[in-house]
Amino acid sequence: MDKKKVVYAKSSVDSKIKKTFLIACVGLAVVFALVSIISIIVITLYSMSQIDNSDGTEAVRNIGILFSILTLVITGWLTFVVVKKSIKILHKAICKPMLELILSIRKANEGLEEIGIVMADDTEDEIALINSVYFKMTKQLKTHIDDIMKLSGLTEKFENSAHYDALTGVYNRRRFGELIQTHAVIAAKKNEPTFICMLDLDLFKKVNDTYGHAAGDEVLKVVAEKIKGTVRPYDLFGRYGGEEFVMFLSAPDSEIAISFAERIRLIVNESPVHFEGIDIPVSTSIGVAQMSPDRNYDEAIKAADEALYKAKANGRNRVELYNAEISAGEAPDKDSKDSKDSKKTESK
């Protein structure tokens with residue numbers, strides 16, 4: 001900090017506080033001295049009256065006067081000592097901490113100037129200076145808090161857009177892949193088998209072609225909401241892409257996993273989706289594959305996808321478990337098969 005600022009602050013605070021308390025102490029000392037003088041005069045007059053009444057000599061009178069002067073000197077000396085000690089104590093207790101506070105504020109002001117808080121260098125009222133800076137800082141802090149809250153809201157929106165599917169509100173493919181690693185580790189510590197389920201809405205292209213894309217979006221939202229309300233808190237559910245959804249769950253064995261997938265299928269199939277006065281029938285095919293040390297997430301996704309194709313090939317609206325007997329060859333595209341089957345149905 002600039003030496004001139006230090007010197008000014010020191011001299012300003014030191015001299016003002018010393019002057020104030022010096023005046024107070026001197027005033028106190030004067031009052032004390034006046035009281036002492038009056039007491040001495042009263043005592044002296046009383047002594048002299050006694051001497052006159054007893055026909056005392058001049059020597060006795062002089063002794064009384066000398067005693068009065070001596071008492072006055074002692075009283076003055078004691079007053080001086082008290083005043084000096086009081087100033088020293090008050091300087092240590094008040095002046096020095098106040099000086100340090102002012103110097104700290106002036107030093108901090110070098111950084112505060114960057115956010116618009118400017119301190120006057122030549123102010124004569126240091127207390128008013130502290131008060132002014134405090135309120136400026138409070139006002140500036142409130143502004144920054146408001147900005148932080150706005151940024152926090154924007155950050156939350158960005159996180160939601162990065163983690164959740166915009167249409168259905170469930171986890172998107174990327175976030176699902178990130179979370180599954182943690183869930184798989186937790187399940188492994190509990191020695192619980194884990195499964196991947198791939199869900200695909202049957203003949204979804206036909207829904208878009210027949211009722212429009214707005215109806216298709218409504219179907220995706222309603223189906224996602226139904227499944228989301230069914231999965232357990234410790235399971236994962238997300239949109240994999242298009243009309244495909246993916247689910248991660250833990251179960252004691254494959255039969256329980258299939259049973260859970262079957263319940264999901266029935267929930268989706270049990271009631272049509274209402275859209276603009278039209279009931280749109282919806283069904284889903286589900287492929288289930290178990291994760292294991294020799295079958296990681298990507299491999300389990302591929303296995304579940306193959307099981308899903310088998311469910312499509314076997315008539316749709318069903319659940320199939322992946323096994324080694326499924327053809328190792330490249331599986332045909334499910335959407336393509338749904339499209340061909342849809343055309344056959346329409347031709348009939």
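Residues numbered from 1 in each chain as written. Predicted model: local features only at pLDDT ≥ 70, side-chain atom pairs only at ≥ 80, totals over all residues. Heavy atoms only, no water.

**A closer look at the overall build of the protein chain**
Working step 1: Tallying secondary structure elements over the protein chain gives nine helices and seven strands in all.
Working step 2: A total of 348 residues make up the protein chain; the buried ones form 32% of that total.
Working step 3: Considering only contacts in the protein chain between residues 6 or more positions apart, those separated by 24 or more positions represent 69%.
Working step 4: Accessible area of the protein chain: about 21700 Å², with a carbon and sulfur share of 61%. (Helix = DSSP H or I, 4+ residues; strand = E, 2+ residues; numbered from the N terminus. Buried < 20%, exposed > 50% of the residue type's maximum accessible area, 1.4 Å probe, protein only. Contact = heavy atoms within 4.5 Å. Areas by Shrake-Rupley, 256 points an atom, 1.4 Å probe, with all protein chains shown as cover.)

**Examining the confidence of the model for the protein chain**
Working step 1: In the predicted model, the protein chain carries a mean pLDDT of 75, and the fraction of residues at 70 or more is 58%.
Working step 2: Counting contacts from residues 326-332, a segment whose pLDDT is below 50, to residues more than four positions away or on other chains yields six contacts.
Working step 3: Below a pLDDT of 50 lies the segment residues 339-348, which in the model reaches six contacts outside its immediate sequence neighbourhood of four places, other chains included. (pLDDT = per-residue confidence, 0-100.)

**Observations concerning the nonpolar core**
Working step 1: Grouped together as the largest cluster of nonpolar side chains are 31 residues, with contacts concentrated most on V219 and M247.
Working step 2: Within the residue set of this core, elements represented by two or more residues are strand 1 (194-201), helix 5 (204-211), helix 6 (213-228), strand 3 (244-250), helix 7 (254-269), strand 4 (273-275) and strand 6 (284-291).
Working step 3: Among the nonpolar cores identified, the runner-up in size contains 17 residues, and I180, F248, A300 and A303 belong to it. (Core = buried A, V, L, I, M, F, W, Y, C linked by side-chain atoms within 4.5 Å.)

**With respect to the pattern of salt bridges**
Working step 1: This structure, assessed with the given rule, holds 11 salt bridges.
Working step 2: For R232, the salt bridge identified is with D235, shortest N-O distance 2.6 Å.
Working step 3: Since its relative accessible area comes to 6%, D235 is described here as buried. (Salt bridge = Lys/Arg side-chain N within 4 Å of Asp/Glu carboxyl O.)

**Examining the environment of E243**
Working step 1: Note that E243 resides in the loop between strand 2 (236-241) and strand 3.
Working step 2: Taking the C-alpha atoms as reference points, E243 and F204, 39 residues apart in sequence, are found 7.0 Å from one another.

**Some words on a positive patch on the surface**
Working step 1: A contiguous patch of positive charge, built from K84, K85, K88, K92 and K96, is present on the exposed surface.
Working step 2: Within the fold, K85 resides in helix 2 (residues 58-112). (Patch = residues over 30% accessible without salt bridge, like charges linked within 9 Å, V, L, I, M, F, W, Y side chains within 5 Å. Lys, Arg positive; Asp, Glu negative; His and termini not counted. Charge placed at Lys NZ, Arg CZ, Asp CG, Glu CD.)

**Brief notes about the sheet that holds strand 6**
Working step 1: Taken in spatial order, the five strands line up as 2-3-1-6-7 in an open sheet, and their pairing is mixed. Looking along the sheet, the strands with just one partner apiece sit at the ends: strand 2 and strand 7 (319-321). Adjacent strand axes in the sheet meet at a mean angle of 20° when their direction is disregarded.
Working step 2: One ladder, built from eight bridges, connects strand 1 with strand 6; its direction is antiparallel. When the bridges of strand 6 are listed, L199 appears paired with I286. (Pairing = 2+ DSSP bridges. Axes fitted to C-alpha atoms, helices over the stretch in contact; angles between N-to-C directions.)

**Considering the packing of aromatic side chains**
To describe a pair of aromatic rings, you give the distance between the ring centres and the angle between the ring planes.
Working step 1: All chains considered together, the criterion is met by three aromatic pairs.
Working step 2: Taking the centre distance of 5.3 Å and the plane angle of 15° together, the rings of Y164 and Y171 count as stacked.
Working step 3: Among the residues examined, Y164 registers a relative accessible area of 33% and is labelled partly exposed.
Working step 4: On the accessibility criterion, Y171 (23% relative accessible area) is partly exposed.
Working step 5: Residues F237 and F245 carry aromatic rings whose centres are separated by 5.5 Å and whose planes lie at 20° to one another, so their mutual orientation is stacked.
Working step 6: Here F245 falls in the buried class, since its relative accessible area comes to 1%.
Working step 7: One residue, R173, lies across the ring of Y240, its end atom 4.0 Å from the ring centre.
Working step 8: The ring of F260 has R232 sitting right over it, with the charged end atom 5.1 Å from the ring centre. (Phe/Tyr/Trp six-rings, centres within 6.5 Å; stacked < 30°, edge-to-face > 60°. Lys NZ or Arg CZ within 6 Å of the ring centre and 35° of its normal.)

**Details of the environment of D235**
Working step 1: Its location among the elements puts D235 in the loop between helix 6 and strand 2.
Working step 2: Sequence separation between D235 and I180 is 55 residues, and the spatial gap between their C-alpha atoms is 9.3 Å.

**Topic: the packing of helix 5 against helix 6**
Working step 1: One can describe the packing of helix 5 onto helix 6 by two numbers: an axis separation of 6 Å at closest approach and a directional angle of 135°. The angle between helix 5 and helix 6 falls in the class oblique. Together, F204, V207, N208 and Y211 of helix 5 and H213, A215, G216, V219 and L220 of helix 6 make up the contact between the two elements.
Working step 2: The class makeup of the residues in the contact of helix 5 with helix 6 is six nonpolar, three polar and no charged. (Parallel < 35°, antiparallel > 145°, perpendicular 65-115°, else oblique. Nonpolar A, V, L, I, M, F, W, Y, C, P; charged D, E, K, R; others polar.)

**Concerning the pairing of strand 1**
Working step 1: Buried residues dominate strand 1, accounting for eight of its eight residues.
Working step 2: Neither face of strand 1 is open: one carries T194, I196, M198 and D200, the other F195, C197, L199 and L201, and all of them are buried.
Working step 3: Sheet analysis places strand 1 next to strand 3, joined by seven bridges and oriented antiparallel. Note that in strand 3 the partner of C197 across the bridge is M247.

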